[in-house]
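Breakdown of the fold
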Amino acid sequence: MKYRIDFINSSYRRFYAKHRVKILGAIEKCYKNGDFVLRKELANFEKNLAKFVGVKYCYGVGSGTDALKISYKALGLKPRDEVITVSHVFIAPIQEIVHLGATPILIDVKEDGLMDPDLIEKAITKKTVGIVPVHLSGKVCDMTKIMTIAKKYKLWVVEDACQALGAKHDGKMAGSFGDTGCFSHIAPKLMGTGGDAGTIVTNNKKLAEKINLLRNHWNITQGVLHGHQPKQPKIMDWGYNSRLDNIHAATLLVKLPLYPAILKRRKEICMKYHEAFEDLPIERPLLQEDQVFQEYIIRVKNLHNFKKFMDEKGIELLIRDVTPNHKMYEWYFGKLSLPITEKLAVSSVRLPTYAELKDLEVTTIIKTVREFYGK
């Protein structure tokens, strides 16, 4: 089906059209200099992103999923360990716990879709080693409570901040609370590039050194491509091939200075939705003061009728994860009941929110939603 207002694809095309000269210039420079892997563009992006988030160290990796995996590995996650996280999330943080032989312990979320910290302590056992809060749709979990619990039980914390770059909790950036923070820069994310990409941030020097080794086969010699020769570790270990390639880093360097304006425009669009839908029989998202807007998700009772109507009007929506992870993988998790997660899964609809939407398109989306409800 061809949509007159698509969910995300126009964002890529319009951003490229507007910034084509800078993007192609950055790519051409990489080719001209033969700079493709672990070169200065990556080092510059890591430095600038660390400054933006307010942390000491940042490392580019192959994806947001790899950022989680490498964080777990660097923190010593091993078979039969348990890690507390949520089911209301893209599968990645759960999946990488399983891949390392550990067990994900899933708890429910609150009505805002974020981890319920009041359920954490009940889930802690002698096998628990860590907590993975997920900052979903640009909102940040209650990191004050979560970090207090983690400290009490001596647990590590990996923040899945893949959808929350630039969001804050109590004036502090998402990703800067835990032992590590993980970001995704795949195309649909707030600051996406032209493919898979991710970053890991931390304030822990020893952890940073380990992450740097793990992302590159534990290969210390390739560090010379950053202009220095790292000291060989006393103990060698096995690593991964997970490096944010230099060309993607170069295009992200183009986008980073534009990021505040992107966030501002997305907020403007979402607040227009929020005000326009106040009188409709839908549930609008619960907002946070310092959130960013990765998505604007409304909750409707007649999910598929609503989607069909919008399709017929030429407006593309996104409905996904209608079967939550703990139900999709019931063979693994058993008859686990997470009532709020299950309720959110069957009622959530994402509207287009990309910064390149035209005002007329935003108005059209609003009018069409209201038309469905006879308003």
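All figures in this text were calculated on a predicted structure; none of them were measured in a lab. (Residues numbered from 1 in each chain as written. Predicted model: local features only at pLDDT ≥ 70, side-chain atom pairs only at ≥ 80, totals over all residues. Heavy atoms only, no water.)

A word on the overall build of the protein chain
Our working rule: The numbering of helices and of strands both runs from the N terminus, where a helix is a DSSP run of H or I of at least 4 residues and a strand a run of E of at least 2. Atoms considered for the radius of gyration are the C-alpha atoms alone. The globule rule reads 2.2 Å times the number of residues to the power 0.38. For every residue, the accessible area (1.4 Å probe, protein chains only) is compared with the maximum for its type, and the residue is labelled buried under 20%, exposed over 50%, or partly exposed between those bounds.
Scanning the protein chain from terminus to terminus reveals 14 helices and 11 strands. Relative to the globule expectation of 21 Å for 375 residues, the C-alpha radius of gyration of the protein chain, 21 Å, shows essentially globular dimensions. Each principal axis of the C-alpha atoms in the protein chain carries an extent, and together these give about 70 × 55 × 35 Å. Evaluated residue by residue, the protein chain yields a buried proportion of 55% over its 375 residues.

Some points on the packing of helix H2 (residues 40–53) against helix H8 (residues 246–255)
The criterion, for reference: Interaxial angles span 0 to 180 degrees and are taken between N-to-C directions of axes, which are lines fitted to C-alpha atoms, for helices over the stretch in contact. Each angle gets one of four labels, with under 35 degrees taken as roughly parallel, over 145 as roughly antiparallel, 65 to 115 as roughly perpendicular, and the rest as oblique. In a left-handed crossing the near helix is turned counterclockwise from the far helix by less than a right angle, and in a right-handed crossing that turn is clockwise. Residues count as neighbours in contact if any of their non-hydrogen atoms are within 4.5 Å of one another. The nonpolar class holds Ala, Val, Leu, Ile, Met, Phe, Trp, Tyr, Cys and Pro. Asp, Glu, Lys and Arg form the charged class, and all remaining residues, Gly among them, are polar.
Across the interface, H2 lies against H8 with an axial gap of 8 Å and an inter-helix angle of 45°. On the basis of their axis angle, the class for H2 and H8 is oblique. The two elements H2 and H8 meet at a crossing, and its hand is left-handed. For the pair H2 and H8, contact is made by Lys40, Glu41, Leu42, Asn44, Phe45 and Asn48 and by Asn246, Ala249, Ala250, Leu252 and Leu253, respectively. For the contact of H2 with H8, the class distribution of residues is six nonpolar, three polar and two charged.

Quick notes on the layout of surface pockets
Selection criterion: Any residue with an atom within 4 Å of a point lines the site, the site being either a cavity, points on a 1 Å grid over the protein atoms alone where a 1.4 Å probe fits but cannot get out, or a pocket, an open set with protein on both sides within 12 Å along at least 5 of 7 lines. Grid points are joined across faces, edges and corners, and a volume is the space filled by probe spheres set on the points.
As a volume, the largest pocket reaches approximately 880 Å³. Its residues assigned to classes, the lining of the largest pocket shows 23 nonpolar, 14 polar and nine charged.

With respect to the nonpolar core
Note the following rule: The set of buried Ala, Val, Leu, Ile, Met, Phe, Trp, Tyr and Cys residues whose side-chain atoms join them within 4.5 Å is what this entry labels a nonpolar core.
If you look at the biggest cluster of nonpolar residues, it comprises 54 residues, and the most contacted ones within it are Phe45, Leu49, Val53, Met115, Ile120, Ile131 and Met191. Looking at this core, the elements with two or more residues in it are H2, strand E2 (82–86), strand E3 (103–107), helix H5 (120–123), helix H6 (143–153), H8 and helix H9 (259–276). No other element matches H2, which puts five residues into this core. In this structure, Ile120 is in contact with Ile84, Ile107, Met115, Ile131, Ile146 and Ile149, ignoring residues within four places of it in sequence. Judged by nonpolar contacts, the second largest core, of 27 residues, contains Tyr273, Leu280, Tyr296 and Val300.

Side note on the sheet that holds E3
Filter applied, for reference: We call two strands paired when DSSP finds no fewer than two bridges between them.
Reading across from one edge, E1-E9-E8-E5-E4-E2-E3 is the order of the seven strands in this open sheet, with mixed pairing throughout. The open sheet has two free edges, formed respectively by strand E1 (57–61) and E3, since each of these has just one partner strand. Here the average twist between neighbouring strands, direction ignored, is 25°. As paired strands, strand E5 (residues 156–160) and strand E8 (residues 180–184) are joined by three bridges and run parallel to one another. Across the sheet, the residue bridging to Val158 is Thr180, located in E8. In this fold helix H3 (residues 64–74) packs onto E1, E5, E8 and strand E9 (198–202), with an angle of close to 160° to the strand it touches most, E8. Along the sheet, helix H4 (residues 92–99) contacts E2, E3 and E5; its crossing angle with E3, the most-contacted strand, is approximately 150°.

Observations concerning the packing of aromatic side chains
Let me state the cut-off plainly: By convention, a stacked pair of Phe, Tyr or Trp rings (six-membered ring in the case of Trp) has centres within 6.5 Å and planes under 30 degrees apart, an edge-to-face pair has planes over 60 apart, and any other such pair is tilted. Either the NZ atom of lysine or the CZ atom of arginine qualifies as a charge over a ring when it sits within 6 Å of the ring centre and within 35 degrees of the ring normal.
According to the stated counting rule, one finds 12 aromatic pairs in the structure shown. Between Tyr31 and Phe36, the ring centres sit 5.0 Å apart and the planes meet at 70°, which makes this aromatic pair edge-to-face. Residue classification places Tyr31 among the exposed positions, given a relative accessible area of 54%. A cation over an aromatic ring shows up here: Lys69 above the ring of Tyr240, its NZ or CZ 4.4 Å from the ring centre. One residue, Lys255, lies across the ring of Phe15, its end atom 4.8 Å from the ring centre.

Quick word on empty space enclosed by the protein
In this approach the atoms are scanned with a rolling probe the size of a water molecule, which exposes any empty space left behind. In this structure the tally under the stated criterion is one cavity of 30 Å³ or more. What the largest cavity holds in volume is close to 30 Å³. Lining the largest cavity are Cys162, Leu165, Ser184, His185, Lys189, Leu190, Met191 and Tyr259.

Observations concerning the side chain of Ser63
Among the secondary structure elements, Ser63 is positioned in the loop between E1 and H3. For Ser63, a relative accessible area of 13% puts it in the buried group. Beyond its immediate sequence surroundings of up to four residues, Ser63 is in contact with Asp196, Ala197 and Gly198.

So, the packing of helix H10 (residues 303–312) against helix H14 (residues 359–372)
Viewed as axis vectors pointing N to C, H10 and H14 meet at an angle of 130°, and their least axial separation amounts to 10 Å. Considering the angle they form, H10 stands oblique to H14. Crossing handedness for the pair H10 and H14: right-handed. Judged by residue contacts, Asn305, Phe306, Phe309 and Met310 of H10 engage Ile365, Thr368, Val369, Glu371 and Phe372 from H14. In the contact of H10 with H14, the residues fall into six nonpolar, two polar and one charged.

Some thoughts on the pattern of salt bridges
The criterion, for reference: One speaks of a salt bridge when a side-chain nitrogen belonging to Lys or Arg is within 4 Å of a carboxyl oxygen belonging to Asp or Glu.
Under the counting rule described, the total for this entry stands at 22 salt bridges. We note a salt bridge from Glu46 to Arg215, for which the minimum N-O separation is 2.8 Å. Residue Glu46 is located in helix H2, and its partner Arg215 is located in the loop between helix H7 (205–214) and H8; the two are separated by 169 residues in the primary sequence. Taken individually, Glu46 and Arg215 each receive the classification buried, so the pair is uniform in this respect. With a shortest N-O distance of 3.1 Å, Asp321 and Arg320 are connected by a salt bridge. Given a relative accessible area of 37%, Asp321 falls into the partly exposed group. Taken together, the shared-partner salt bridges in this structure form one network comprising Glu111, Glu283, Arg299 and Lys343.

That's the geometry; what it means functionally is another story.
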